[in-house]
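What follows is the residue order along each chain.
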Amino acid sequence: MAEHNDSTARTSDAVADPGTSRRSVRELARSAKGRVARTTTAVVRPAKPRSGAGFRKPIRSVVILSMVGGLVATVALPAYAAFNGTSDTVTIEQVAADNAQSLVVASTVTSTELNRGSYAATTAEEVEKKKAAEAAAARIAAAGSSASLSSANVNLSMVAPGSGAVRWPLDMSTITVGRGFGADGYHQGVDLLGAAGTPEFAAAAGTVRVAGWYYGYGYAVVLDSVINGQSVTTLYGHMTQTLVNPGDYVEAGQIIGLMGSTGSSTANHLHFEVRVGGGLVDPWAWLQANAG
């Protein structure tokens, strides 16, 4: 600014002084022009950009846009698939899986009535019976020839001796009477000892209720009869073989089995019990009073 004022003063002096040469005026004008040109150039000169700084912002923008796009696709695609479910056929298993408490039945299912013969018995009682039967069979097999039927002179066509509504259950000519009714404080029948395979007969006509393995009696037969208007039940225990079936009707004196030692027994014998009207009676006294 001082220079500008100084040059202006000199110009005014030159004009005021007619003796100033034109050369001096031209030099002053040239000098002022040069200073103005240098000032303008310095003002408009652009700054040089720093190398690499211009490429960083575009790259960072591309990365950010890519991440945002991936996030949008991750959220939007499953939602779209759930909204626009397919119309494929759904199986019964898939329907049942949606609600585990539902019962889904196919239209082709048919009902089948179950019966006793369609499944196996598995109760503890039946398992024990089977084990006992197998044990008895093993004992009979071990007895072998010593317990053969020929030793008892078996005749399957024979009937008990005597006549009438009540018969002797054995041919007593070869039989020994063992423990009686009430022996040892609990014995409910009479034991009639004989050879293995001795024929046993129905003491009265009646219907077979039991024929087969029967608890501690081993192989046994139980008959239900009516004698003189009274219900009479007779039991024949520890047989080696039964010769009748449940539901059969037998006549008095008909052969129903063969003597043995099955169940809770230590020797070949017939354990014989009698119930009249449902109550136990002394079977030996009953036979003596009624058997023909």
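Residues numbered from 1 in each chain as written. Predicted model: local features only at pLDDT ≥ 70, side-chain atom pairs only at ≥ 80, totals over all residues. Heavy atoms only, no water.

Bringing helix H6 (residues 283-290) into the picture now. For H6, every residue scored as buried is listed here: Pro283, Trp286 and Leu287. Buried residues along H6 cover an arc of 100° about the axis, so they all sit on one side. Facing away from the buried side of H6 by more than 90 degrees, the exposed set consists of Gln288 and Ala289. Considering only its buried residues, H6 is in contact with strand S2 (190-193), strand S5 (219-227), strand S6 (230-242), strand S9 (269-276) and strand S10 (279-281). For H6, the N-terminal cap is aspartate 282; the gap from its side-chain oxygen to the backbone nitrogen of tryptophan 284 is 3.1 Å. (Buried < 20%, exposed > 50% of the residue type's maximum accessible area, 1.4 Å probe, protein only. Helix = DSSP H or I, 4+ residues; strand = E, 2+ residues; numbered from the N terminus. Arc of directions from axis to C-beta. Contact = heavy atoms within 4.5 Å. Polar contact = N/O pair within 3.5 Å; in protein donor to acceptor, adjacent residues only side chain to side chain.)

Relative to S2, strand S1 (residues 176-177) runs antiparallel, the two sharing two bridges. In the sheet register, threonine 176 faces S2, and the bridge partner there is leucine 193. Here four bridges tie S2 to S9, and the two strands are oriented antiparallel to one another. Looking at S9, one finds that leucine 193 is bridged to histidine 269. (Pairing = 2+ DSSP bridges.)

A word on the packing of aromatic side chains. Summed over the entire model, instances satisfying the criterion amount to five aromatic pairs. Relative to phenylalanine 272, the ring of tyrosine 236 lies with its centre 5.3 Å away and its plane at 55°, an arrangement referred to as tilted. Of the two residues, tyrosine 236 sits in strand S6 while phenylalanine 272 sits in strand S9, which places them 36 residues apart along the sequence. Among the aromatic residues, those joined into a cluster by ring pairs are Tyr214, Tyr215 and Tyr217. (Phe/Tyr/Trp six-rings, centres within 6.5 Å; stacked < 30°, edge-to-face > 60°.)

Our focus in this paragraph is the nonpolar core. The tendency in soluble globular proteins is for nonpolar side chains to be buried side by side. Formed by 26 residues in total, the largest nonpolar core has its most connected members in Val221, Tyr236, Ile256, Phe272 and Trp286. Listed by contribution, the elements that provide at least two residues to this core are S2, S5, S6, strand S8 (255-259), S9 and H6. Grouped together as the second largest cluster of nonpolar side chains are five residues, Val210, Tyr217, Ala220 and Val222 included. (Core = buried A, V, L, I, M, F, W, Y, C linked by side-chain atoms within 4.5 Å.)

Mean pLDDT over the protein stands at 74; residues scoring 70 or higher make up 53%. Here helix H1 (residues 2-16) stands out as the element of the protein with the lowest mean pLDDT, 48, in contrast to strand S4 (residues 206-213), whose mean of 97 is the highest. Predicted confidence for residues 143-158 stays below pLDDT 50, and this span has 20 contacts to residues more than four positions away or in other chains. (pLDDT = per-residue confidence, 0-100.)

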